[in-house]
Amino acid sequence: MSAETPVARGSYLVNTIMACGNCHSPRDNAGAVIADRALSGGLTITTPSFTATAPNITSDRDTGIGDWTDAEIKRALSEGVRPDHGPLPGVPLAAVMPVGFYKALLPADLDAIVAYLRTVKPVRNLVPQPTYAAAVHREPYPEAEAGFADADFTRPARRGAYLVTIGHCMECHSTWSDGRSDYRNGLGRGGRPFGPALVQGLGANWHGAIAPNITSDSTSGLGGWSDAEIANAIRHGIARDGHHLALPMAFAFYAGLRDQDVADIIAYLRTLR
């Protein structure tokens, strides 16, 4: 998909579309990521099923993933299982980790992510271990289950579908009920609520948000928006009417997306009904 080096490709994916630091980095009181502690552990999510703090994924050997093998990192990303050593050996990662989306990662991109994570400076930061009140459940994501191939990327909308999948956009932007997303009947239709009782660590002034409809519906979705307006919302968090979108929308990361990637994402969103 790219002539970049693996490390450069991995850096691009982690720091833009996948927005790993949106959860895995600590923030200041204003909600901004603390740059010199990036990826050293971040948000805490509290649900009836689990409480989990996004762990340290820097190369620190004691509190991060510095002593994980490449295969163990890949397994955590694509299967959601911790290594068979260290804290909670072999225990699944909490359901908030979007493994069902990362299953779609092409092998070269998975390799690139690991290559980049190996270059992230070690930051010593021990976060609390997760606690579980129920078995981990992950709702299968249809696009990831079907998979992608390099041959798909001759079509902008299909390439956009890949980016939206690994960006786990529909984890938030699909209808939500009984603690589960409805990817088959509510894809892109929004409605999932986020509030301080669920997410801790987004800053003192964050009071919650509801994921909007991003289908092409002309009334409740993006059907009446121009491509430039959608791009401005993705990259800068500014809606068509000028109001600022709220976290956890990861526009601070999406600001780094390349023009072609944004165009392809928009091409895909135009296909959602």
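Heads up: the structure comes first, above all this text.
Every chain is numbered independently, its residues counted from 1 as its sequence is written. Local features are withheld for residues below a pLDDT of 70 in this predicted model, meaning they are given only at 70 or higher, and side-chain atom pairs are given and counted only at 80 or more; totals for whole chains, interfaces and linings count all residues. Excluded from the side-chain calculations are hydrogens and water; all other atoms, namely the structure's heavy atoms, are used.

Can you help me understand the overall build of the protein chain in this one?
Each helix and strand in the protein chain was counted, giving ten helices and eight strands. Computation of the radius of gyration draws on C-alpha atoms, with the globule rule given as 2.2 Å multiplied by the number of residues to the power 0.38. For 273 residues, the compact-globule estimate of 2.2 N^0.38 gives 19 Å, and the C-alpha radius of gyration of the protein chain, at 18 Å, lies within 12% of that figure. On the principal axes, the C-alpha backbone points of the protein chain span a range of 50 × 45 × 35 Å. Remark: exposure states derive from per-residue accessible area (1.4 Å probe, protein chains only) relative to the maximum for the residue type, with buried under 20%, exposed over 50%, and partly exposed in between. Of all 273 residues assigned to the protein chain, the portion counted as buried reaches 48%. Intrachain contacts of the protein chain at a sequence separation of at least 6 include 59% that bridge at least 24 residues. Note on areas: these come from Shrake-Rupley sampling with a 1.4 Å probe, and a residue is covered only by the protein chains present in the view. About 12800 Å² of surface is accessible on the protein chain, with carbon and sulfur atoms providing 56% of the total. Computed over 24 positive and 27 negative side-chain charges, the separation of the two mean positions in the protein chain equals 1 Å. Under the scheme used here, helices are H or I runs from DSSP no shorter than 4 residues and strands are E runs no shorter than 2 residues, and both carry numbers assigned from the N terminus. Residues count as neighbours in contact if any of their non-hydrogen atoms are within 4.5 Å of one another. Asp and Glu count as negative and Lys and Arg as positive, but His and the ends of the chain are not part of the count. Taken as the charge location is NZ of Lys, CZ of Arg, CG of Asp or CD of Glu.

Would you mind showing me how to read helix α10 (residues 259-269) here?
Because each turn of an α-helix spans 3.6 residues, side chains separated by three or four positions in sequence point in the same direction. Among all positions in α10, only Asp-261, Val-262, Asp-264, Ile-265, Ile-266, Tyr-268 and Leu-269 are buried. Buried-residue contacts for α10 involve α1 (6-15), α6 (142-146), α7 (156-166) and α8 (227-236).

Mind showing me how you'd approach the side chain of Ser-174 here?
For Ser-174, the position within the fold is in the loop between α7 and β4 (176-177). Within the structure, Ser-174 has its side chain in polar contact with the backbone nitrogen of Gly-188 (distance 3.4 Å). With sequence-adjacent residues up to four places away left out, Ser-174 is seen in contact with Asp-182, Tyr-183, Gly-186, Leu-187, Gly-188, Arg-189, Gly-190 and Arg-192. Whenever two N or O atoms come within 3.5 Å, that pair is a polar contact, provided that in protein one can donate a hydrogen and the other can accept it, and provided that, for residues adjacent in sequence, both atoms are side-chain atoms.

I tried to follow the packing of aromatic side chains on my own but got confused; where do I start?
What describes a pair of aromatic rings is the distance from one ring centre to the other and the angle between the planes of the rings. Any two of the Phe, Tyr and Trp rings considered here, Trp counted by its six-membered ring, make a pair once their centres fall within 6.5 Å; the pair's planes then place it as stacked at under 30 degrees, edge-to-face at over 60, or tilted in between. Under the counting rule described, the total for this entry stands at five aromatic pairs. Centre to centre, the rings of Phe-101 and Tyr-183 are 5.7 Å apart; their planes meet at 85 degrees, and the pair counts as edge-to-face. Taken together, the residues span a long stretch of sequence, with Phe-101 in helix α4 (residues 99-102) and Tyr-183 in the loop between β5 (180-181) and β6 (193-194) at a distance of 82 residues. Here Tyr-183 falls in the buried class, since its relative accessible area comes to 8%.

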